[in-house]
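Coordinates in review
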There are 2 protein chains.
Amino acid sequence: MNNRLKVLRAERNWSQQELASRLEVSRQSVNAIETGKYDPSLPLAFRIADVFGMAIEDIFLRE
Amino acid sequence: MNNRLKVLRAERNWSQQELASRLEVSRQSVNAIETGKYDPSLPLAFRIADVFGMAIEDIFLRE
DNA sequence: GCTTTGTGATAGGTTTCCTTTACATCGCGT
DNA sequence: ACGCGATGTAAAGGAAACCTATCACAAAGC
C-alpha cells in the first residue's frame, strides 16, 4: 500500500521526528511507514489524515 | 473505533459469511470487527470501503 | 575538526490483527 | 421434535504493527 507521507511532510517542512511527535508514535514507525516496511493501523491512519487535514483515501493509495 | 458494518450489512441483507467471502477474510474476523473486538488493518479497511462503495471515513468513525 | 540534524536500518520484545477449529444459542421452516 | 442458517464466543497459533535502543552515514554549521 503506497502512501504520500514523504511528500506531504516535505510540503510542511516537517522532520520525521516532528511528524512522529504529532502522531504520538516513534520516529522509527514514521520511517517504516514512509519507506513501505508496513502499513499503519487504522487508528493511526486516521491520526495521520487528521494532522494533514486530508482524507485517508487521499494519503494512502490502493494499487 | 466505532463502525457501521452491521447496519451496512443489514441494508444489503448480507450474512457475516457473505461479507467475509467478499472481503476474503474469515467470518470470525468480520464478527470481531463488528462487535468491536478490534479494528481492521488499513488494507482490510480499504477492501471494506470498496465492497460497500463508500469512503473509509463514512464507515469507520473517530471517537 | 567537531557537533548537530535528518534519515535509514537493525535487533529484540510486546500488542494487535487474523486464522483455524470448535462449541453454544437463537429463530425459522418442516 | 428436528435440522439448519446465522450469530456470538473462545483457545491457540502465526503474521503484522507497533515499541525502545542502537548504529551508521551524509549534509550543514560553527
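Quick caveat: nothing in here was measured; it's all calculated off a predicted structure.

Rules used in this analysis
Residues numbered from 1 in each chain as written. Chains lettered and ligands numbered in written order. Predicted model: local features only at pLDDT ≥ 70, side-chain atom pairs only at ≥ 80, totals over all residues. Heavy atoms only, no water. Least-squares fit on C-alpha atoms with pLDDT ≥ 70 in both. Contact = heavy atoms within 4.5 Å. Near = heavy atom within 4 Å. Polar contact = N/O pair within 3.5 Å; in protein donor to acceptor, adjacent residues only side chain to side chain. Helix = DSSP H or I, 4+ residues; strand = E, 2+ residues; numbered from the N terminus. Nonpolar A, V, L, I, M, F, W, Y, C, P; charged D, E, K, R; others polar. Phe/Tyr/Trp six-rings, centres within 6.5 Å; stacked < 30°, edge-to-face > 60°. Buried < 20%, exposed > 50% of the residue type's maximum accessible area, 1.4 Å probe, protein only. Lys NZ or Arg CZ within 6 Å of the ring centre and 35° of its normal.

Brief notes about the relation of the copies chain B and chain A
For the pair chain B and chain A, the relating rotation is 180°, the translation along its axis is 0.0 Å, and the fit reaches an RMSD of 0.0 Å. Taken together, the rotation and translation describe the operation of a two-fold axis. A high fraction, 100%, of the interface residues of chain B reappear at the interface in chain A, so the copies pair face to face through one surface.

Quick notes on the protein's contact with DNA strand D
In the vicinity of DNA strand D lie 18 residues, with A:S29, A:Y38, A:P40, A:S41 and B:Q16 positioned nearest. Of all atoms in DNA strand D that approach within 4 Å of the protein, 59% are sugar or phosphate atoms. A:S41 is positioned such that a nitrogen or oxygen atom in its backbone is 2.6 Å from a phosphate oxygen of DNA strand D. B:K6 places a side-chain nitrogen or oxygen 2.9 Å from a phosphate oxygen of DNA strand D. Ranked by residue count, the leading element in the surface near DNA strand D is helix α3 (residues 27-34) of chain B, at three residues. Along the lines of polarity and charge, the residues of the surface near DNA strand D split into four nonpolar, eight polar and six charged.

Quick look at the packing of aromatic side chains
Taken as a whole and judged by the stated rule, the model has two aromatic pairs over all chains. Considering the side-chain rings of A:W14 and A:F52, the 5.6 Å spacing of their centres and the 25° angle between planes classify their relative orientation as stacked. One end of the pair, A:W14, is in the loop between α1 (5-11) and α2 (16-23); the other, A:F52, is in helix α4 (residues 42-52), and 38 residues separate them in sequence. Each member of the pair A:W14 and A:F52 is classed as buried. Its end group placed over the ring of B:W14, B:R12 keeps NZ or CZ at 6.0 Å from the ring centre.

It is worth stressing that arrangement in space is one thing and function is another; only the former is reported here.
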